[in-house]
Amino acid sequence: MLLIRTYIAASAIQGVGVFAAEPIRKGASIWRLDPDFDRLIPIEKYKTAPPHLRELLDRYAYPSPDRPGFIVYEVDNGRFMNHSERPNTDFSRYGGATTVRAIAAGEEITCDYGEFFEDFERLHLATA
C-alpha cells in the first residue's frame, strides 16, 4: 500500500506510471505490505483464472518474495509503478520501501523490478 499521495499519468517510460502528488524527502517510507490492499493470490487460483484475468495479473502482479506459491496484486496506484535501472525507490527490504533520493511533486516514482523478481531481466529480454 502506498503511504504517499500519488496520481496516474502518461509515462515517458511506458504507458502510464505513478507520480508523486507532493514532494517526498530522501529516505521517506513510501510503501508497506498491507494485506487489506495488497492481495496475496495463490498460484493455483491464478492458473485456473480466466485468460483476461491472468493477463491482468501477468502485467500488474509479481511473485511474493516471502510466500512461495503466491503472487502479490496491489489494488492502489502502486501497481502502475514502472521499472528503472536507476530507480528513485528501494524495495530491497521486503514489506516496505523508501526513497533513495528526494522526489519532486510531479516526478514519476520508479522501482527496480529485479527487487521483486530475480529473473526479471531474463523475462524482460524474452518478451521484449
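Residues numbered from 1 in each chain as written. Predicted model: local features only at pLDDT ≥ 70, side-chain atom pairs only at ≥ 80, totals over all residues. Heavy atoms only, no water.

By the naming in an unreviewed UniProt entry, the chain goes by Nuclear protein SET and is assigned to Mesorhizobium prunaredense.

## Brief notes about the UniProt feature "domain: SET" (unreviewed entry) in the chain
What counts, and what does not: UniProt positions are given in the numbering used here, feature names are shortened, and annotations may be inferred rather than shown by experiment. Segments assigned H or I by DSSP are reported as helices when at least four residues long, segments assigned E as strands when at least two residues long, and all are numbered from the N terminus.
Taking the numbering used here, the UniProt-annotated feature "domain: SET" (unreviewed entry) corresponds to residues 4-114. For the annotated span residues 4-114, helix accounts for 14% and strand for 33% of the residues, and the straight-line distance between the end C-alpha atoms is 23 Å.

## Regarding the pairing of strand 1 (residues 6-10)
What counts here: Strands qualify as paired when DSSP identifies two bridges or more between them.
As judged from the 5 bridges shared by strand 1 and strand 2 (residues 16-20), these two strands associate in the antiparallel manner. In the sheet register, Tyr7 faces strand 2, and the bridge partner there is Phe19. Taking the residues between adjacent antiparallel strands as the criterion, strand 1 and strand 2 are bridged by 5 residues, where Gly15 takes a positive phi near 50°.

## Points about the sheet that holds strand 5 (residues 61-63)
Going by this rule: Axes here mean lines fitted to C-alpha atoms, for a helix over just the part in contact, with angles spanning 0 to 180 degrees between N-to-C directions.
Strand order in the open sheet made by the 3 strands is 4-6-5, with antiparallel pairing throughout. For this open sheet the edge positions go to strand 4 (38-42) and strand 5, each flanked by a neighbour on one side alone. Adjacent strand axes in the sheet meet at a mean angle of 30° when their direction is disregarded. As paired elements, strand 4 and strand 6 (residues 70-74) share 5 bridges and run antiparallel to each other. Its bridge partner lying in strand 6, Leu40 is registered against Val72.

## Quick notes on the side chain of Thr110
As a reminder of what qualifies: In what follows, a contact means two residues having at least one pair of non-hydrogen atoms within 4.5 Å.
With respect to the secondary-structure elements, Thr110 resides in strand 10 (residues 110-111). Residue contacts for Thr110: discarding those within four places in its chain leaves Ile13, Met81, Asn82, Ser84, Arg86, Pro87, Asn88 and Thr89.

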